[in-house]
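Listed below, chain by chain, are the residues.
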Amino acid sequence: MIIRPKPLSTLTLLFSLKGSIIPAIWRKVLFTVLVSSAVVAIHGTLFNFKVILTATPFTLWGLTLAIFLGFRNTVAYQRFWEARTLWGELLIVSRNLTRQSLSLLAGLSREHRRDLAEGLIVFSRALKNDLRADPQSPEIQAWIDKGHEHPGTPKSGLPNAVLGELGKRYMAATQLVQTSPVVQVDIDQQLSRLSSVLGGCERISNTPIPYPYILMLHRIVHIYCFLLPFCLVDTIGWFTPFAVCVLAYTFFGLDALGDQIADPFDKQPNDLPLEAMCRTLEIAVLELLDEPAPAPLQPTGDVLL
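Since this is a predicted model, take the numbers as computed values, not measurements. (Residues numbered from 1 in each chain as written. Predicted model: local features only at pLDDT ≥ 70, side-chain atom pairs only at ≥ 80, totals over all residues. Heavy atoms only, no water.)

Colleague: Even after reading the chapter, I still don't get the environment of Leu 104, so can you show me in this structure?
Modeller: Along the chain, Leu 104 falls in the loop between α3 (55–103) and α4 (110–131). For the pair Leu 104 and Gly 157, spaced 53 residues apart in sequence, the C-alpha separation works out to 31 Å. Apart from residues lying up to four places away in sequence, Leu 104 is in contact with Thr 179, Val 183 and Asp 186. (Helix = DSSP H or I, 4+ residues; strand = E, 2+ residues; numbered from the N terminus. Contact = heavy atoms within 4.5 Å.)

Colleague: Please explain helix α8 (residues 211–236) as it appears in this structure.
Modeller: Because an α-helix packs 3.6 residues into every turn, residues spaced three or four apart end up facing the same way. Helix length check: α8 (26 residues) gives 37 Å between terminal C-alpha atoms against 38 Å at 1.5 Å per residue, within 8%. Listed as buried for α8 are Ile 214, Leu 217, Val 221, Tyr 224, Cys 225, Leu 228, Pro 229, Phe 230, Cys 231, Leu 232 and Val 233. Its buried side turned inward, α8 meets α2 (22–41), β1 (45–46), α3 and α9 (240–261). Positive backbone phi, at 60°, marks Gly 237, one or two positions downstream of α8. (Expected span 1.5 Å × (residues − 1). Buried < 20%, exposed > 50% of the residue type's maximum accessible area, 1.4 Å probe, protein only.)

Colleague: What should I look at first to understand the packing of aromatic side chains in this one?
Modeller: Each aromatic ring pair is summarised here by two numbers: the centre-to-centre distance and the angle between the ring planes. Summed over all chains, the structure comprises eight aromatic pairs. Considering the side-chain rings of Phe 58 and Trp 61, the 5.2 Å spacing of their centres and the 70° angle between planes classify their relative orientation as edge-to-face. Of the two residues, Phe 58 and Trp 61 are both situated in helix α3; the distance of three residues between them amounts to about one turn of the helix. Looking at Phe 58, the relative accessible area reads 4%, which means it is buried. An aromatic cluster is defined as three or more aromatic residues linked by ring pairs; in this entry it consists of Phe 58, Trp 61, Tyr 224 and Phe 251. (Phe/Tyr/Trp six-rings, centres within 6.5 Å; stacked < 30°, edge-to-face > 60°.)

Here it is in structure tokens:
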């Protein structure tokens, strides 16, 4: 995620490349400008045939494209915001469970509370690694196997395995201090919220926007930008490449931006900073236990991972 100081200067807004969509689309825009320049050089004539295109079809196509791109980007942002909401829920539930281990499970030892807190931290990291297709840390499987006489086989769905083991340990803790069934139900409800977070993240990660819809938009955007110079060449002449450049930047940029935020768990600069969110959760949980906590992650080159 891009972190920018506020207020932003006009120069930063106009010329900054960090977080801009330009690095993803500059080749397409440049190719479109070169095509436009070639069309101007030949005066819109192909094989001795003058290509005559009026503004009417481009007005209709442009309006249709704007509607489709706006709808697609709205859907992509909804996925991004739902993912952010789910990770916010993960932080809230982790705080609740840690607080309950202090207030409702008062008879637990410090080491036992620390073990439960580590389980919440391990769950967040296992979920982050799973969503980003990163290698899982050996410490995650080690936490699952802790206290077991015979270590289990490594699980493919490690976040779900951590959640299952976390449920067992919390229920064992409630039985150890002999809490009431009401407390057990309350803790189980919090664990069920973690399960909902896991399911929601898996739904977003495993269900992309339908490919034919994306394919249609890509094709129409390219056709529109490549045909546009034939419409403008007789009207604005050598100003055509500049006009086409601005329009191509708009349409290609919206198209590429939708691709980026539709997968909010990726590692691109405009995606969610899952690593920083895991660190925030770890700090929140450990501070509740009065344990030493690491420092928050800082952005590197204005990018928070």
